[in-house]
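Here is what each chain is made of, one letter per residue.
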Amino acid sequence: MTSFKVIRARAEKRKGGPKALEKLLHPPAGAKALAKLGDDRVLAEMTRRVFCAGFAWSVIDAKWDGFEAAFLGFAPAKLAFKPDEFWEKLTSDARIVRNGAKIMSVRDNGRFVQEIAKEHGSFGKFLAAWPSSDEIGLLDLLAKRGSRLGGNTGQMLLRFLGWDGFVTSRDVVACLRDAGLDIAEEVKSKRDLAKVQAQFNAWAEETGLPYLHLSRICAMSIGENYSPQQIEDRTRSDY
């Protein structure tokens, strides 16, 4: 496998040097910040990621105030006591995107958040204690116990919550394959995910960098060379 020094040097050249690259690397939230996350904010981000899947993110962003109001600020305890009629009415609520299956996922994920909070004190504390060296274990848990949180949605949820992990985006996977990792062009199988995890673990040991930075440097080292503004516009995703 290619040393990460080579990958970083390539990214630095593409982005205008070491200092220019550093400016594009935002730090992960950190354990303390994650532990302070309110369960309502976790459920809100779960909902945002679920609804963004398959939709233009700009559509969801434009309606987000309506989502907050319609789902009662995403307070799991409040939503837990709402009858079926409440959820049925939401399917005709113009304040949100009226996708019945995704609307019902909010109810299911509210229960999921409450279960985890009961076990660990809060969902944020649960995330703060989970090691980045086992992201695939966390993704598996999200897929099994959450609703519609599998695949890329789970990865993006962790990224937007500030948890320190990688994202198997097109450019990140292209970087890994170019570095010599034997994985498919689209990483979907548990076998490929395990290989990706092992490689990021090795690079983390080699460099001491957060997994977030490793992932983003990979993305910036290959493929279309986005401008700094385009990267900022894409927020914290890895293209």
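The structure reproduced in this document is the subject of the present report. Please read these numbers as outputs of a predicted model, since none were measured by experiment. (Residues numbered from 1 in each chain as written. Predicted model: local features only at pLDDT ≥ 70, side-chain atom pairs only at ≥ 80, totals over all residues. Heavy atoms only, no water.)

**Looking at the side chain of Asp-93**
So, step 1. For Asp-93, the location among the structural elements is in the loop between helix 8 (84–90) and helix 9 (100–120).
So, step 2. You can call Asp-93 buried: its relative accessible area is 12%.
So, step 3. With residues near it in sequence (within four places) discarded, Asp-93 still touches Ala-70 and Arg-98. (Helix = DSSP H or I, 4+ residues; strand = E, 2+ residues; numbered from the N terminus. Buried < 20%, exposed > 50% of the residue type's maximum accessible area, 1.4 Å probe, protein only. Contact = heavy atoms within 4.5 Å.)

**Things to note about the packing of aromatic side chains**
Both the distance between ring centres and the angle between the ring planes are used here to describe each pair of aromatic rings.
So, step 1. Per the stated rule, a full pass over the model turns up 14 aromatic pairs.
So, step 2. Plain terms: the ring middles of Phe-51 and Phe-67 are 4.9 Å apart, the flat faces sit at 75° to each other, and that makes the pair edge-to-face. One end of the pair, Phe-51, is in helix 4 (residues 39–52); the other, Phe-67, is in helix 6 (residues 64–70), and 16 residues separate them in sequence.
So, step 3. Classification of Phe-51 as buried rests on a relative accessible area of 0%. (Phe/Tyr/Trp six-rings, centres within 6.5 Å; stacked < 30°, edge-to-face > 60°.)

**Focus: the packing of helix 13 (residues 170–178) against helix 15 (residues 211–220)**
So, step 1. Remark: helix 13 packs on helix 15, axes separated minimally by 7 Å, with the N-to-C direction vectors making an angle of 85°. Taken together, the axes of helix 13 and helix 15 are roughly perpendicular relative to one another. On helix 15, the residues touching Asp-171, Val-172 and Cys-175 of helix 13 are Ser-215, Cys-218 and Ala-219.
So, step 2. Of the residues contributing to the contact of helix 13 with helix 15, the split by class is four nonpolar, one polar and one charged. (Axes fitted to C-alpha atoms, helices over the stretch in contact; angles between N-to-C directions. Parallel < 35°, antiparallel > 145°, perpendicular 65-115°, else oblique. Nonpolar A, V, L, I, M, F, W, Y, C, P; charged D, E, K, R; others polar.)

**Some points on the layout of surface pockets**
So, step 1. Within this model, the largest pocket holds a volume of roughly 390 Å³.
So, step 2. Along the walls of the largest pocket sit 18 residues, with Gly-151, Gln-155, Val-187, Lys-188 and Leu-193 positioned nearest its centre.
So, step 3. Looking at which element gives the most residues to the lining of the largest pocket, the answer is helix 11 (residues 135–145), with four residues.
So, step 4. Grouping the amino acids of the lining of the largest pocket by side-chain chemistry returns six nonpolar, six polar and six charged.
So, step 5. If you count residues domain by domain, the lining of the largest pocket takes at least three from each of domain 1 (4–28 + 166–237) and domain 2 (31–161). (1 Å grid on protein atoms, 1.4 Å probe; cavity = no way out; pocket = protein on both sides within 12 Å on 5 of 7 lines; lining within 4 Å. Points joined across faces, edges and corners; volume = space filled by probe spheres on them. Domains from an automatic or database assignment.)

**A closer look at unusual backbone geometry**
So, step 1. Not every positive phi belongs to a glycine, and Leu-72 is a case in point at roughly 55°.
So, step 2. Locating Leu-72 in the fold gives a position in the loop between helix 6 and helix 7 (76–80).
So, step 3. According to the relative accessible area criterion, Leu-72 is partly exposed, its value standing at 30%.
So, step 4. Of note in this structure, Arg-148 is not a glycine but carries a positive phi near 60°.
So, step 5. Relative to the helices and strands, Arg-148 resides in the loop between helix 11 and helix 12 (151–161).
So, step 6. Note on Arg-148: relative accessible area 43%, which makes it partly exposed.

**A closer look at helix 15**
So, step 1. Among the ten residues of helix 15, ten are classified as buried, and the element is accordingly described as predominantly covered.
So, step 2. For helix 15, the set of buried residues is Tyr-211, Leu-212, His-213, Leu-214, Ser-215, Arg-216, Ile-217, Cys-218, Ala-219 and Met-220.

**Brief notes about the nonpolar core**
So, step 1. Grouped together as the largest cluster of nonpolar side chains are 37 residues, with contacts concentrated most on Met-46, Phe-67, Phe-71 and Phe-123.
So, step 2. Of all the elements in the fold, those that place two or more residues in this core are helix 4, helix 6, helix 8, helix 9, helix 10 (123–129), helix 11 and helix 12.
So, step 3. Looking at this core, the element that brings in the most residues is helix 4, giving seven residues.
So, step 4. Contacts of Met-46, omitting those with residues within four sequence positions, involve Asn-109, Phe-112, Val-113, Phe-123, Leu-149 and Leu-157. (Core = buried A, V, L, I, M, F, W, Y, C linked by side-chain atoms within 4.5 Å.)

**Remarks on the pattern of salt bridges**
Between side chains of opposite charge, a pair can form when the charged atoms approach closely.
So, step 1. Enumeration over the complete set of coordinates arrives at 20 salt bridges.
So, step 2. Between Asp-108 and Arg-111 there is a salt bridge, with the nearest N and O atoms lying 3.9 Å from each other. Separated by three residues within a single helix, Asp-108 and Arg-111 lie in helix 9, roughly one turn from each other.
So, step 3. Asp-108 sits in the partly exposed class, given a relative accessible area of 34%.
So, step 4. Among the salt bridges present, the one from Glu-185 reaches Arg-177, with a minimum N-O distance of 3.8 Å. (Salt bridge = Lys/Arg side-chain N within 4 Å of Asp/Glu carboxyl O.)

**With respect to the packing of helix 4 against helix 9**
So, step 1. Contact geometry of helix 4 with helix 9 gives a least axis separation of 10 Å together with a crossing angle of 145°. Considering only the axes of helix 4 and helix 9, their crossing is right-handed. Residues Asp-39, Val-42, Leu-43, Met-46, Thr-47, Val-50 and Phe-51 of helix 4 form the contact with helix 9, whose participating residues are Lys-102, Ile-103, Ser-105, Val-106, Asn-109, Gly-110, Phe-112, Val-113 and Ala-117.
So, step 2. Broken down by class, the residue content of the contact of helix 4 with helix 9 amounts to ten nonpolar, four polar and two charged. (Left-handed = near helix turned anticlockwise from the far one by under 90°.)

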